[in-house]
Structure formats: C-alpha cells, structure tokens
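Listed below are the residues making up each chain.
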Amino acid sequence: MAVRVQTADFDVGAELAALRSGNPAVGAVASFIGCVRDMNEGDRVGGMFLEHYPGMTERELEKIAAEAKARWDIFDTLIIHRVGELKPLDQIVLVAVTSAHRGEALAACEFIMDYLKTRAPFWKRESTPEGERWVDARVSDDAAAARWDAGAAR
Amino acid sequence: MAVRVQTADFDVGAELAALRSGNPAVGAVASFIGCVRDMNEGDRVGGMFLEHYPGMTERELEKIAAEAKARWDIFDTLIIHRVGELKPLDQIVLVAVTSAHRGEALAACEFIMDYLKTRAPFWKRESTPEGERWVDARVSDDAAAARWDAGAAR
Amino acid sequence: MSSHITLVYLARLRERFGAARETLPLAGETTVAGLLETLRARGGEFAVELAAGRAFRVAVNQEVAGPEQRIVAGDEVAIFPPVTGG
Amino acid sequence: MSSHITLVYLARLRERFGAARETLPLAGETTVAGLLETLRARGGEFAVELAAGRAFRVAVNQEVAGPEQRIVAGDEVAIFPPVTGG
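Residues numbered from 1 in each chain as written. Chains lettered and ligands numbered in written order. Predicted model: local features only at pLDDT ≥ 70, side-chain atom pairs only at ≥ 80, totals over all residues. Heavy atoms only, no water.

Further remarks concern the overall build of chain A. Summing up its helical and strand segments, chain A has four helices and 10 strands in all. In terms of overall size, chain A behaves like a compact globule, its C-alpha atoms giving a radius of gyration of 16 Å where 154 residues would be expected to give roughly 15 Å. Expressed as lengths along the three principal axes of its C-alpha atoms, the size of chain A is roughly 50 × 35 × 30 Å. In chain A, buried positions account for 56% of the 154 residues. The long-range share in chain A, meaning contacts at least 24 apart out of those at least 6 apart in sequence, stands at 77%. (Helix = DSSP H or I, 4+ residues; strand = E, 2+ residues; numbered from the N terminus. Rg over C-alpha atoms; globule rule 2.2 N^0.38 Å. Buried < 20%, exposed > 50% of the residue type's maximum accessible area, 1.4 Å probe, protein only. Contact = heavy atoms within 4.5 Å.)

See below:
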C-alpha cells in the first residue's frame, strides 16, 4: 500500500518487480502510467508545473489505496505521483495493483486512477505559446469517478 | 501493434518505454503482466509448460490487437507472450496499450487480455505434487470475453 | 492554546490571493460557510473567487469539508480549485 | 497439387492421440463434421476425445472453424482443447 509523492522520476520496471517480488501468489499486475502530453485542449504544451498540498496529498492517496483494497481482492498497491516541473514525455504518475486474478487487478487500478484524478490535491499549470495557464478540471474525470460511487456494474 | 511469442523473458520497463518513446501525444500507458502462481485450484504448482500453435498464435494475437485498435481511440499495442517451461514468479504475458487518455488505454488493455485468454491458442500444463496436468479452461474467462461481444457498457 | 486558524491557498487561488498561507484570529468557533463570508467581505479577488457558484473546494485539517463543517482555533483550512492531477 | 490434408493435434489431445501431426489422404472435399466422423471411426482415444459433448476446438488453416466448414486438399486442420493461456 505504498504511496510516494516526489519530484524525481521513477523506474517502472523496478517498481513493478519490487511490488510483486517474493509473492508467488501474484498472478496479475495491472499498472497505469500517466505521461505529459505536448498538446491539451488544442494548444501546444511546452511543459507543466504540478503543484500539490503536502500532507493532504499523501492522506488522500492512502485513503484511495485503502478503498481499493477494501473493494477488490487484491494483494498490494503502489501509487507514485510526481510534482514540480515536468515536460512532454515525462512520466507523471504510476499506479500498480497486484492480485491473483486479472479482473480484480485491472478494476482496482482503474478505480484508483479515477479517484486520484478527482480527489487527490494536485493542480497542473501548463506552459503554452500564449503563456501559463492552470488546467481546468475535466467533467469526464468527475463522471469516471462517479461510476464507482453509483456502484456501477463492470 | 507488435506481437511477439517467445521463450525468453522480457524487460517490462524497457518495453513500456519503447512503446511510448518519441510520441508526446501519449498521455496514458495501461499495462498488464501475467505471472506464474505457485497455487492453482488448491494445489501447489512447481512449474508449468506453456504450449502454443505456432502461426495461429501470432495471427490470433494480431487480430485481437487490430480489434482493440478498431474499438478504442488508442495509439499502439504490445503483446508479448512467453511459451515453454516457466516457474512460479516468472512473467508469462505482457499487454500494453498507449492512448491520449486513460479510459481508452485501460479498457483496450482489459479487452485484449480477456480475448487473449479465450481465443489465442495457448495451453498450460502444470506440475503439481500429484504429477503433470493440463489446466482446464475457466468458465470465468469465457464470461469475461463475452462481455465485450454483448457490447456491455463500461 | 492557539486562538488562530491557518489558511492555506493553493494553485490558481494562491496566485489570485497573492499568498500561500495566512493566519487569522478566531475567537470561539465558526463554520466553513462563516469563514467564506468573512473572506468575501474583504472584497477584491476574495469576493470574486469565493462568490457563490464559483468552483472551489475547502479542506479542514486536510479533509474535504462542506459548508456546515465546524472550524475551531488551531485548525488548518485550505481553499483550492477543483483538482487536476494525474 | 496435394491430395492430402495435414492434421495438427495440440496439448492434451496431442498426448492422447500420441502424435503432433499426421497426413491424411483426401479425395475431393469434406467438412469439419465429416473429418471428425472419420476420426471417431478409428475408435480408441479418437472416439473418446472427439465424442459429441467433449470440449475441443477445430481450426482450418489456423482459423477457428465450425462443423460446416469445408476442408479441401492442402488444408491444415488443427484439433485442440479449449485454450488456457495468459
């Protein structure tokens, strides 16, 4: 149930290997990597700054991980989220879940990402040719997270 | 849309980095790793042999990848499946999907895994304390794949 | 015993209000709604950004809070835009 | 021009039939159902494993095929258990 908020990049291969290492009951590792895109809302993005609310961020991520653990039959979760200056192609976030079976691992991974996008206190400020701008929250992110609240069948 | 069937292990970090390398439009990388468990159906598994149908295997995996590409707004897919002798903790399969957005990448990744389990010609023979046995197909795998045929809403 | 609360402003609101945090005296207790009323009464960016209908969130002691949430001395109250991480 | 088909047996059926592949003469054409009838007529493991109600699959030229699928000389016909990969 590790949660890390850091400016440094992360090594996906090493993180996934560590998450399942030594547990031969793990049959499934689902993971998601979020990356900085060079375009958003039709504008070219040269880079971004990711701000967060230290303290609350870690608490929210731990709550999200605990909720996933309570909802699905999974072994372990990993959430790494970067903050600070990031440029296109950089990795922003890694979410990984181990389970005996793929359905649980994949569902929990998606659940964590949907909640992370709507609940964890991160804010993106993008650099575009027109200057810097704070990214507005996406309605589709709220809708994605609301699915889980409604107990939507998968 | 790379498909590889091989006896050798694979480097997840390097594969995922290569899949998205140089494409700054990629905002999401969803991936799934299947691993050999040391228990199945209540028996201890010391190892397994994975047989396939050379030629048909590659064709089926390419069809599955093409179907995913047709159904979701994704950039690229990678399917690596190992065959031959495998032991607990070994990696068996890697499925990875890149997209601009996480929902498409995660859905396509799950779709590929569900179809791979029911359509691609692989067969597992496990070594247990009682000897070798061929693993029977799981009804839950057929059900998981059938979801997509029914056009189930996600 | 502190008789103050700490306000934390984040992201766009930090820029608008020109401060990352401030300390506010608090005698007794108030609510999130009461605090917002106090801040709006300052006028300027506070009145604009915290107007009814504007999209912002409040957390008390790092837990998201609704308008009825009680605030007492020593609390940390954060005000921030809807989140956009990941 | 070949007047044979190639049969491919995989996994458990390869072990049961004691062969990974065999060549069968074929004059004209048949169907998957017709071929299965021919194989069952051999008796032994073929009759047991290919009996109606047993779980197996057939692919003609590496495409999964139903009972009505036509088979002509030169075709590769594989018979195998339900798949269990990944």
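Resuming the write-up.
Turning to the overall build of chain C, a few remarks are in order. Looking only at helices and strands, one finds three helices and seven strands in chain C. When the helices and strands of chain C are placed in sequence order, the string is β-α-β-β-α-α-β-β-β-β. A globule of 86 residues ought to have a C-alpha radius of gyration of about 12 Å, and chain C, at 12 Å, matches this closely. Out of the 86 residues in chain C, the part that is buried amounts to 45%. Of the roughly 4100 Å² that chain C leaves accessible, carbon and sulfur atoms contribute 52%. Of the charged side chains in chain C, 9 are positive and 10 negative, and the gap between their average positions amounts to 6 Å. (Areas by Shrake-Rupley, 256 points an atom, 1.4 Å probe, with all protein chains shown as cover. Lys, Arg positive; Asp, Glu negative; His and termini not counted. Charge placed at Lys NZ, Arg CZ, Asp CG, Glu CD.)

A separate point is the pattern of salt bridges. All chains considered together, the criterion is met by 50 salt bridges over all chains. Where A:Glu110 meets A:Arg147, a salt bridge forms, and the shortest distance between an N and an O atom there is 3.4 Å. A residue pair is termed long-range when its members are at least 10 positions apart, and A:Glu110 in helix 3 (residues 102–119) and A:Arg147 in helix 4 (residues 139–149) qualify at 37 residues. In this structure A:Glu110 comes out as buried when scored by relative accessible area, which is 5%. The salt bridge partner of C:Glu49 is C:Arg54, with a shortest N-O separation of 3.2 Å. By relative accessible area, which is 36% here, C:Arg54 ends up partly exposed. Members of the salt-bridge network, linked through shared partners, are A:Arg59, A:Glu60, A:Lys63, A:Glu67, A:Arg119 and C:Glu63. (Salt bridge = Lys/Arg side-chain N within 4 Å of Asp/Glu carboxyl O.)

Turning our attention to the arrangement of the chains. Contacts are most numerous, across the three pairs of chains in contact, for chains A and B. At their nearest point, the C-alpha atoms of chain A and chain D are still 10 Å apart, with no contact between the two. In this view chain C stays clear of chain D, with the nearest C-alpha atoms of the two still 30 Å from each other.

Listed as interface residues are 20 residues of chain D and, on the opposing side, 28 residues of chain B. Carbon and sulfur atoms supply 53% of the area that chain D and chain B bury against each other, a total of about 1900 Å² over both sides. Linking chain D with chain B are four salt bridges, by the criterion used here. Across the salt bridge formed by B:Arg59 and D:Glu63, the nearest N and O atoms sit 2.9 Å from each other. Put simply, chain D and chain B have 12 residue pairs in polar contact (both at pLDDT 80 or more) between them. Going through the elements one at a time, helix 1 (11–17), strand 5 (63–65) and strand 7 (76–80) of chain D are the ones with two or more residues in the side of chain D that touches chain B. Examining the composition of the side of chain D that touches chain B, we find that four residues originate from one element, helix 1 of chain D, more than from any other. Taken together, the residues of the side of chain D that touches chain B sort by class into 10 nonpolar, five polar and five charged. (Buried area = accessible area lost by both parts, 1.4 Å probe. Polar contact = N/O pair within 3.5 Å; in protein donor to acceptor, adjacent residues only side chain to side chain. Nonpolar A, V, L, I, M, F, W, Y, C, P; charged D, E, K, R; others polar.)

Residues and elements named next belong to chain C. One non-glycine residue with positive phi stands out, namely Gln62, at about 70°. Along the polypeptide, Gln62 turns up in the loop between strand 4 (57–60) and strand 5 (63–64). Note on Gln62: relative accessible area 14%, which makes it buried.

Here the focus is the pairing of strand 6 (residues 74–82) of chain B. Residues and elements named next belong to chain B. Counting buried positions over the nine residues of strand 6 gives seven, a clear majority of the element. Across five bridges, strand 1 (residues 2–6) lies against strand 6 in parallel orientation. Within strand 6, the residue paired with Arg4 across the bridge is Ile80. As defined by bridge partners, strand 6 adjoins strand 8 (residues 91–99) across seven bridges and the pair is classed as antiparallel. Paired with His81 across the strands is Val93, a residue of strand 8. (Pairing = 2+ DSSP bridges.)

Shape is all these values report; function is a separate question.
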